[in-house]
Amino acid sequence: MQNKLIKFIVLIFIPFLLGARTPSFKEKIINWSKYITWNVDRTKLYEAFTTVNTNLYDYLSTNYVQKIYQEGNSRVELFKKINSNNKKLVIIANGGSFIHYYNEHRKMFFIKNVLLKLNGYDMMFVDLRTGYANKFPAENEDFIYAYRLSIKLGYNPSNIVFMGDSSGGNVVVSSTIYLNDNDLPMPRALVLLSPYLDVTNSVDSRNRNRFKDPLFGAFKENIGIKIEKYMPYFIYIKDKSNRYISPIYSNDLKNFPDTLIHVGTNEILEDDSIVFAEKLKKSGMDVKLHDFEDQFHVFHLAETDVSMNALQEIVEYINNLGNKKEVKVNKEILGKIKFDVKLEEYTDGEVNEIFEESGINIETSKYIERKNLKKSNRNYLLKFKKS
């Protein structure tokens, strides 16, 4: 009862308190939270620390047009500058443990802190098919279909940037590896925020930073089991070390796009970024890794002094990307732009046993997801859900 009371105070009362505090004060509170022994609700934490006001919506409605598309099973939102000839695009794959679909709050965060500060770019959000009812490669298919759509809309791959945080970083990297493996048009660059790139959970930081990470650390149970329990996207896949599942195990990354990676030294996912950056360097690729001291998972969303500086670094990185020769994409090549990967899987019975061992009632989880979707403005996803 006492632990529940403490959790209620931190997750409910403190967010209201922090609304009027400074970025530096927010950072102190976040770093303090690593000493708590239960995991923090990331969605509540991020929303408590970020701000989106009505003036932003007014500005967007006056200066941008929002267009909705469907490509394959993928629903896409495009924010395009009104009366603009923008030919450049950032495509966002949101994080959320492969379970949570992106929300209005996170979308507006990226618009406010990235899109509105870029020169000559539009922004596209992919409504990934997330949740327990979907499995690999659904989200990768959605992302690649959105990429194909962007080319159909007139954006050349040489002017497209892929951006993903956390699980979205995995979708971005594994999808790019697939494009590279199949000699398909590549984006101009990648921007990765705390990407989850080792699904085997073998990197040293899983345990090294276990008690420093306020969002994933300090678990009593095995950290790998804990992550898999809340990230079931790959649960059917037998070989978690496959490069399309765990990109850090991809050894040939030649011809990969320029890449910017942000991560924090307090993250259990820290080494995912470090190892992948080393692989890119060994392949002779242009990669910039910024490992932020004492920062937590996707700290950018907290709008602290450090996170605002990091966001500015991202904006400058994208704005300063040099021009590359446009890639010719004919109908034949366009038709090949899809994520067509088949890997050896466990049976439904075997997967159900895994869920039961993790304490998850999978049918109840799917039911709750469908019920929540019916209440949301994303109920169109129901027809795409697969049991």
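Note that the structure is a prediction, hence the values are computed from the model and not measured.

**Q** Where do I start with the pairing of strand E3 (residues 88-93) in this structure?
**A** The element E3 is extensively covered by neighbouring structure, given that five of its six residues are classed as buried. Where E3 lies against strand E4 (residues 121-127), five bridges are found, and the strand directions are parallel. Residue Ile91 lies in a different strand from E4, and its bridge partner there is Met124. As a crossover connection, the stretch from E3 through helix H5 (residues 104-113) into E4 is right-handed. One ladder, built from five bridges, connects E3 with strand E5 (residues 160-165); its direction is parallel. When the sheet's bridge partners are listed, Leu89 is paired in E5 with Ile160.

**Q** Sorry if this is basic, but what is going on with unusual backbone geometry here?
**A** For residues besides glycine, phi is generally negative; the peptide bonds are generally trans as well. The omega torsion across Phe136 and Pro137 is 15°, close enough to zero to call that bond cis. Looking at the element boundaries, Pro137 is found in the loop between E4 and helix H6 (138-152). One non-glycine residue, Ser166, lies in positive phi territory at about 55°. Summarising the element assignment, Ser166 is placed in the loop between E5 and helix H7 (167-181). With a phi close to 75°, Asn255 is a non-glycine residue in the positive phi region. Here Asn255 lies in the loop between helix H9 (223-230) and strand E7 (258-264). According to the relative accessible area criterion, Asn255 is exposed, its value standing at 59%.

**Q** Honestly, the side chain of Lys240 in this entry has me stumped. Any pointers?
**A** In this structure, Lys240 sits in the loop between H9 and E7. Residue Lys240 is classed as buried on the basis of its relative accessible area, which comes to 14%. A distance of 3.5 Å separates a polar atom in the side chain of Lys240 from the backbone oxygen of Phe234.

**Q** What should I look at first to understand the confidence of the model for the protein in this one?
**A** Do not read the predicted coordinates in detail wherever pLDDT is low. For the protein, per-residue confidence averages 83 on the pLDDT scale, and residues scoring 70 or more make up 79% of the total. Low pLDDT, under 50, characterises residues 32-53; the predicted model gives this stretch 57 contacts beyond four residues in sequence or across chains.

**Q** Even after reading the chapter, I still don't get the packing of aromatic side chains, so can you show me in this structure?
**A** Any aromatic ring pair is given by two values, namely how distant the centres are and how the planes are angled relative to each other. In the structure shown here, the tally under the stated rule is 17 aromatic pairs. With a centroid separation of 6.0 Å and 75° between ring planes, the pair formed by Phe256 and Phe276 is classed as edge-to-face. On the criterion of sequence distance, the pair formed by Phe256 in the loop between H9 and E7 and Phe276 in helix H10 (residues 270-282) is long-range, its members being 20 residues apart. The two residues Phe256 and Phe276 agree in class, both being buried. Joined through ring pairs, the aromatic side chains of Phe98, Phe136, Tyr178, Tyr196, Tyr233, Phe234, Tyr244 and Phe339 make up one cluster. Just above the ring of Tyr236 sits the side chain of Lys135; from NZ or CZ to the centre is 4.1 Å.

**Q** Is there a simple way to explain the nonpolar core in this structure?
**A** What tends to happen in soluble globular proteins is that the nonpolar side chains get buried as a cluster. Counting 60 residues, the largest nonpolar core has Ile91, Phe136, Phe143, Phe162, Phe256 and Phe276 as its most contacted members. Among residues more than four places away in sequence, those in contact with Ile91 are Met124, Val126, Phe143, Tyr147, Ser150, Ile160, Val161, Phe162 and Met163. Leu60, Val90, Phe110 and Tyr121 belong to the second-largest nonpolar core, a separate cluster that totals 31 residues.

About the cut-offs
- Residues numbered from 1 in each chain as written.
- Predicted model: local features only at pLDDT ≥ 70, side-chain atom pairs only at ≥ 80, totals over all residues.
- Heavy atoms only, no water.
- Buried < 20%, exposed > 50% of the residue type's maximum accessible area, 1.4 Å probe, protein only.
- Helix = DSSP H or I, 4+ residues; strand = E, 2+ residues; numbered from the N terminus.
- Pairing = 2+ DSSP bridges.
- Right-handed = clockwise from strand over helix to strand, strands pointing away.
- Polar contact = N/O pair within 3.5 Å; in protein donor to acceptor, adjacent residues only side chain to side chain.
- pLDDT = per-residue confidence, 0-100.
- Contact = heavy atoms within 4.5 Å.
- Phe/Tyr/Trp six-rings, centres within 6.5 Å; stacked < 30°, edge-to-face > 60°.
- Lys NZ or Arg CZ within 6 Å of the ring centre and 35° of its normal.
- Core = buried A, V, L, I, M, F, W, Y, C linked by side-chain atoms within 4.5 Å.

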